[in-house]
Amino acid sequence: MKPAEMYSLQGKVAMVAGGGGGIGSKLAAGLCEAGAEIAIVDRSGSLLKSTCSLVEELGKEPLSIAADLTNAEEAEAAVAQTVARFGSLDIIVNAIGGGAGKVLFEAQDYPMDAWQWIMDLNLTTTLVATQAAVKAMIAGGKGGKVLNISSVRGQLGINAGYSAYVAAKGAVSSLTRQWATEWAKYGITVNAIAPTFVDTPQVAMLLDDPDFKAGLISRVPLGRVGTPEDLMGAVLMFCSGASQFITGQILTIDGGLTATQ
Ligand SMILES: NC(=O)c1ccc[n+]([C@@H]2O[C@H](COP(=O)([O-])OP(=O)(O)OC[C@H]3O[C@@H](n4cnc5c(N)ncnc54)[C@H](OP(=O)(O)O)[C@@H]3O)[C@@H](O)[C@H]2O)c1
């Protein structure tokens, strides 16, 4: 493969789970710009609409699917719709998750309902969507790419009530390595990105607090908060031929934050 063609997604079909979200919407548009046909899956109709507009502005016709990706039947139906429309599924990006700041409790008192909610949101969706997508990739016989979104919290603790989120993201990172070993025989690579704070609506309330933002920036060697666009280079690498011998890796994208730990 020529270096200039390595990052092209021409002829590929990608599904973005959580494609209506702050990060997923930008990644969906970026994958399209790189040439992919795109299926956007999210449970929220209005968010789906706005991501579709972003993609349509790029001259592509996205497939928009409203589904709850904690539900295996809905995930399999979304994958079947994608294959029916585009002929295959080559890439899945798992961009559902978060919620960490909404359920902060001391570890010894962490309530089971909050634990289950965070696990479903971050871990079950990743498992269920990937199982459905990978079955289609195996059936297609052309290999594939799985890209998970973990977090720096998948590897670092923080004294701020994050028990469920660190457990869920740690599991997403572990599954990334596990799946890489199991699916290599099918030509499927599995990698993850692990960002720190990314400027999206989900963390807007925190970043709107000037003291919190200043404290965060002071700990980031590159001196600013990340943006969804900062994730695109790594996502493109992991979803394209540029990463054909890279699997089971978790790439931290944090402006150098974890390098200081
Ligand atoms: N933003 C950050 O600072 C940051 C940092 C590190 C890692 N991450 C990770 O990056 C990923 C994306 O984060 P984000 O900030 O883009 O979050 P987001 O804006 O909340 O996007 C997630 C999207 O997934 C949807 N969703 C939730 N549960 C679903 C389900 N069961 N089925 C289908 N769709 C569902 C959400 O819909 P609803 O709105 O209806 O819930 C939302 O549209 C998450 O895994 C997060 O943990 C984010």
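The coordinates are above.
Things to note about the site of the ligand
(1) Moving on: In the neighbourhood of the ligand, 30 residues make up the surrounding shell, with Ile23, Asp42, Lys169, Val198 and Gln202 lying closest.
(2) Moving on: Interatomic distance of 2.9 Å between a backbone N/O atom of Gly22 and an oxygen atom of the ligand.
(3) Moving on: Contacts to the ligand include Lys169, whose side-chain N or O atom sits 2.8 Å from an oxygen atom.
(4) Moving on: Residue assignment for the shell around the ligand shows that the elements contributing at least two residues are α1 (22-33), α4 (112-140) and α5 (163-183).
(5) Moving on: No other element matches α4, which puts 3 residues into the shell around the ligand.

Brief notes about the sheet that holds strand β5 (residues 144-149)
(1) Moving on: Spatially, β3-β2-β1-β4-β5-β6-β7 is the arrangement adopted by the 7 strands of the open sheet, whose pairing is parallel. Of all the strands in the sheet, just β3 (63-66) and β7 (250-253) have a single pairing partner and so form its edges. Direction aside, neighbouring strands of the sheet carry axes that sit 15 degrees apart on average.
(2) Moving on: Note that strand β2 (residues 37-42) and β3 share 4 bridges and pair parallel.

Let's talk about the pattern of salt bridges
(1) Moving on: Under the definition given, this model contains 5 salt bridges.
(2) Moving on: Between Lys142 and Asp90 there is a salt bridge, with its nearest N and O atoms 3.4 Å apart. You can see Lys142 sitting in the loop between α4 and β5 and its partner Asp90 sitting in the loop between α3 (72-86) and β4 (91-94), a full 52 residues away along the chain.
(3) Moving on: Where Arg224 meets Asp230, a salt bridge forms, and the shortest distance between an N and an O atom there is 2.8 Å.

Observations regarding α1
(1) Moving on: Between its terminal C-alpha atoms α1 stretches 17 Å, which fits the 16 Å expected from 12 residues at 1.5 Å a residue.
(2) Moving on: Within α1, 9 of the 12 residues are buried, which leaves it mostly tucked inside the rest of the structure.
(3) Moving on: When α1 is considered as a whole, its buried residues turn out to be Ile23, Gly24, Ser25, Leu27, Ala28, Ala29, Gly30, Leu31 and Cys32.
(4) Moving on: Along its buried surface, α1 packs onto β1 (13-17), β2, α2 (45-56), β4, β5 and α8 (228-239).
(5) Moving on: Looking one or two residues beyond α1, the residue adopting positive phi is Gly35, at roughly 115 degrees.

Digging into the packing of α3 against α4
A pair of packed helices is characterised by two quantities: the angle between their axes and the separation of those axes.
(1) Moving on: Where α3 contacts α4, the axes come no closer than 9 Å and their chain directions differ by 40 degrees. Compared by their axis directions, α3 and α4 come out oblique. α3 and α4 meet at a crossing whose hand is right-handed. Each of Ala72, Ala75, Glu76, Val79 and Val83 in α3 lies in contact with α4, whose residues at this interface are Val128, Ala129, Ala132, Ala133, Lys135 and Ala136.
(2) Moving on: Partitioned by chemical class, the residues of the contact of α3 with α4 number 9 nonpolar, no polar and 2 charged.

Thoughts on the nonpolar core
(1) Moving on: The biggest cluster of nonpolar side chains holds 32 residues, and the ones touching the most others in it are Leu27, Leu31, Ile38, Val93, Ile193, Leu231 and Val235.
(2) Moving on: Those elements that provide at least two residues to this core are β1, α1, β2, α2, β4, β5 and α8.
(3) Moving on: Per-element accounting of this core gives the leading share, 8 residues, to α8.
(4) Moving on: Each residue touching Val93, except ones within four places of it in the same chain, is listed here: Met15, Val16, Ala17, Leu27, Leu31, Leu147 and Cys239.
(5) Moving on: Formed by 27 residues, the second largest nonpolar core is a distinct cluster that contains Val41, Ile92, Trp183 and Ile188.

Examining the side chain of Lys145
(1) Moving on: Mapped onto the elements of the fold, Lys145 is located in strand β5.
(2) Moving on: Engagement of the side chain of Lys145 in a polar contact is seen with the side chain of Ser243, the distance being 3.1 Å.
(3) Moving on: Excluding its chain neighbours within four sequence positions, the residues that come into contact with Lys145 are Asp90, Ile91, Ile92, Met137, Thr189, Phe238, Cys239, Ser240, Ser243 and Gln244.

Calculation criteria
Residues numbered from 1 in each chain as written. Predicted model: local features only at pLDDT ≥ 70, side-chain atom pairs only at ≥ 80, totals over all residues. Heavy atoms only, no water. Near = heavy atom within 4 Å. Polar contact = N/O pair within 3.5 Å; in protein donor to acceptor, adjacent residues only side chain to side chain. Helix = DSSP H or I, 4+ residues; strand = E, 2+ residues; numbered from the N terminus. Pairing = 2+ DSSP bridges. Axes fitted to C-alpha atoms, helices over the stretch in contact; angles between N-to-C directions. Salt bridge = Lys/Arg side-chain N within 4 Å of Asp/Glu carboxyl O. Expected span 1.5 Å × (residues − 1). Buried < 20%, exposed > 50% of the residue type's maximum accessible area, 1.4 Å probe, protein only. Contact = heavy atoms within 4.5 Å. Parallel < 35°, antiparallel > 145°, perpendicular 65-115°, else oblique. Left-handed = near helix turned anticlockwise from the far one by under 90°. Nonpolar A, V, L, I, M, F, W, Y, C, P; charged D, E, K, R; others polar. Core = buried A, V, L, I, M, F, W, Y, C linked by side-chain atoms within 4.5 Å.

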